[in-house]
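Geometric and topological summary
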Amino acid sequence: MSHAQEQSEQGLLVRLWGTRGSIASAGPETVAYGGNTSCVELQASDGSVLILDAGTGVRRVGDTYEQPRRLDILLTHLHMDHIQGLGFFGPFFRDDFEVHVWGPPSTTQDLRTRLTRYLSPPLFPVRLRDVAARLELHDVPAEPFEVGGLTVCARIVIHPGQTLGYRISDGERTVVYLPDHEPALGTTTFPTSPEWTSGHELALDAHLLIHDAQYTADEYAQRQGWGHSRVSDAVGLAVQARARRLVTFHHDPAHDDDKLDAMLEEARNQAPDGLEVLPGREGDTFRV
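Once a new chain begins, its residue numbering starts again from 1 and follows that chain's sequence as written. Totals for whole chains, interfaces and linings use all residues, but because this is a predicted model, local features are given only for residues with pLDDT of at least 70 and pairs of side-chain atoms are given and counted only at 80 or more. Excluding hydrogens and water, the side-chain values take into account all heavy atoms of the structure.

1. Here we look at the side chain of Asp180
Relative to the assigned elements, Asp180 resides in the loop between strand E10 (174–178) and helix H5 (200–203). Per-residue accessibility, obtained with a 1.4 Å probe over protein chains only, is compared with the maximum for each type, and a residue is labelled buried under 20%, exposed over 50%, and partly exposed between these values. Counted as positive: Lys and Arg. Counted as negative: Asp and Glu, with His and the chain ends omitted from the count. Salt bridges are defined by distance alone: a side-chain nitrogen of Lys or Arg within 4 Å of a carboxyl oxygen of Asp or Glu. Here Asp180 sits buried without a salt bridge, and the closest side chain of opposite charge, Arg20, lies 12 Å off (N-O distance). Side-chain atoms alone can form a polar contact between residues adjacent in sequence; in general such a contact is a pair of N or O atoms within 3.5 Å, and within protein one must be able to donate a hydrogen while the other accepts it. Within polar-contact distance, the side chain of Asp180 engages the side chain of His77 at 3.4 Å. Should any heavy atoms of two residues lie within 4.5 Å, those residues are considered in contact. If we ignore the near neighbours within four places in the chain, the residues touching Asp180 are His77, Asp81, His82, Val157, Ile158, His159, Thr163, Asp212, Gly227, His228 and His250. Think of it this way: any DSSP run of H or I at least four residues long counts as a helix, any run of E at least two long counts as a strand, and we number them from the N terminus.

Right, dumping it as structure tokens:
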């Protein structure tokens, strides 16, 4: 089905192009869930398109756009697994595309300066200033902003470095994207009260919540402060925020398909009636 056909339907269409965390992990043992790092595409019925993060999965989504158009990429943060695909994003190298890249603000350097650290020699042969597209870079504002028919709200969440979570709505349906998030940091039990829970405001009443579910309980005990969640934390936040559907995301590069199936089953066993838990598998689509 083409982009135009998909956009003709009502609602929001969400496609997962990369669901892995930390580093790409392609191989026969990761075929079901995929090996590309974070990239999610969201299409609205009015034709608006948002690309959430630019991990290695963004290369493939870029190749699907044949006709000139505006594209907006929302970066949660600038760790390599979330920006590594930018240099391979096809529309960057076409002068008939308009590409807007949004990223977390900094008090010391603008977004262009920070992205240029990667998109320049010796790390990359092509400089950001040399891409052919009409490129505009934006610091994400503190207040909600509009992209086409979509309203985007961003908030700082718990993860090393300046990291944003996104809440995106077409006025009727809401998708929340929290790929790198450690809401249980500093707590002995989770969830705690909503007003003290990172990400709660963003996730409240979400129709679809895409959330970090990188660790098992045993793994998290050795990795507290690394910025990621246990499967149980993803479920706990979804329940607390009254989300309708939860998609597990940011899978550990060491976890093969069998391990992720077992973690999904754990999440489903913990989820109460009313919360649907879905696997974050590369290539899957969700209609919201």
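2. Looking at the sheet that holds strand E5 (residues 98–103)
When DSSP finds two or more bridges between a pair of strands, those strands are recorded as paired. The sheet built from 7 strands is open, its strands ordered E6-E5-E4-E3-E2-E1-E14 with mixed pairing. One side of each edge strand has no neighbouring strand; the edge strands of this open sheet are strand E6 (134–139) and strand E14 (285–287). Averaged over all adjacent pairs, the angle separating strand axes in this sheet is 20 degrees, with direction ignored. With 3 bridges connecting them, strand E1 (residues 12–18) and E14 associate as antiparallel partners. Its bridge partner lying in E14, Val14 is registered against Phe286. Every axis corresponds to a line fitted to the C-alpha atoms, with the helix fit spanning only the stretch in contact, and the corresponding angles, defined between N-to-C directions, vary from 0 to 180 degrees.

3. Comments concerning the pairing of E10
For a regular strand, side-chain orientation follows a simple rule: the groups alternate between the two sheet faces. For E10, the buried fraction is high: 5 of the 5 residues fall into the buried class. Examined bridge by bridge, strand E9 (residues 164–169) and E10 share 4 bridges and lie antiparallel to one another. Bridge pairing in E10 places Arg167 opposite Val176. Between the antiparallel neighbours E9 and E10 lie 4 residues, among them Gly171 with a positive phi of about 100 degrees.

4. Observations concerning the pattern of salt bridges
Summed over all chains, the structure comprises 12 salt bridges. With a closest N to O distance of 2.9 Å, Arg94 and Asp96 form a salt bridge. Looking at Asp96, the relative accessible area reads 26%, which means it is partly exposed.

5. Focus: the sheet that holds strand E13 (residues 276–278)
With respect to topology, 7 strands assemble into an open sheet ordered E7-E8-E9-E10-E11-E12-E13, the strand pairing being mixed. At either margin of the open sheet sits one strand with a lone partner, and together these are strand E7 (145–147) and E13. Put simply, the sheet's adjacent strands are angled 25 degrees from each other on average, direction ignored. Examined bridge by bridge, E7 and strand E8 (residues 150–156) share 3 bridges and lie antiparallel to one another. Looking at the pairing, Val147 lines up with Leu150 of E8.

6. What about the environment of Asp233?
Its place among the elements puts Asp233 in helix H7 (residues 231–240). The exposure class assigned to Asp233 is buried, which follows from its relative accessible area of 2%. Along the sequence, Asp233 and Ser25 sit 208 residues apart, while their C-alpha atoms lie 24 Å from each other.

7. Here's the deal with helix H8 (residues 257–270)
If you check H8, its first and last C-alpha atoms are 20 Å apart, about what 14 residues at 1.5 Å a residue would give, namely 20 Å. Taken together, the buried positions of H8 are occupied by Asp257, Leu260, Met263, Leu264 and Ala267. Angular distribution of buried residues about the axis of H8 spans 120 degrees; they occupy a single face of the element. Among the exposed residues of H8, those oriented more than 90 degrees off its buried face are Asp258 and Asn269. Where H8 begins, the capping side chain belongs to Asp256, and its oxygen is found 3.3 Å from the backbone nitrogen of Asp258. The length a helix should cover is 1.5 Å for every residue beyond the first. In this context, the arc is that of the directions from the helix axis out to the C-beta atoms.

8. Describing the packing of aromatic side chains
A ring pair, where both rings are aromatic, is described by two values, the distance of the centres and the angle of the planes. Pairing of aromatic rings covers Phe, Tyr and Trp, the last through its six-membered ring, and needs centres within 6.5 Å; plane angles under 30 degrees mean stacked, over 60 mean edge-to-face, and all others mean tilted. In total, this model carries 6 aromatic pairs according to the counting rule given. Ring centres of Phe92 and Phe93 lie 6.5 Å apart, and the angle between their planes is 75 degrees; this geometry places the pair in the edge-to-face category. What makes Phe93 partly exposed here is its relative accessible area of 38%. Taking 4.5 Å as the distance between ring centres and 20 degrees as the angle between the ring planes, the aromatic pair formed by Trp102 and Phe145 counts as stacked. Here Trp102 is found in strand E5, whereas its partner Phe145 is found in strand E7, with 43 residues between them in sequence. Residues Trp102 and Phe145 agree in their burial class; the two are buried. In textbook terms, an aromatic cluster arises when at least three aromatic residues are bridged by ring pairs, as seen for Phe88, Tyr118 and Phe124.

9. A short note on the nonpolar core
Nonpolar core, defined: a set of buried Ala, Val, Leu, Ile, Met, Phe, Trp, Tyr and Cys residues in which side-chain atoms within 4.5 Å join the residues together. Of all hydrophobic cores here, the largest spans 29 residues; its most connected members are Val176, Leu178, Leu209, Leu246, Leu275 and Val277. Counting only elements with at least two residues in this core, the list comes to E10, H5, H7 and H8. Ranked by residues supplied to this core, first place goes to H7 with 5 residues. With residues near it in sequence (within four places) discarded, Val277 still touches Leu246, Thr248, Leu264, Ala267, Arg268 and Ala271. Counting residues in hydrophobic clusters, the runner-up holds 28 residues, among them Leu16, Trp102, Tyr166 and Leu208.

Functional significance is not addressed by these values, which are geometric in nature.
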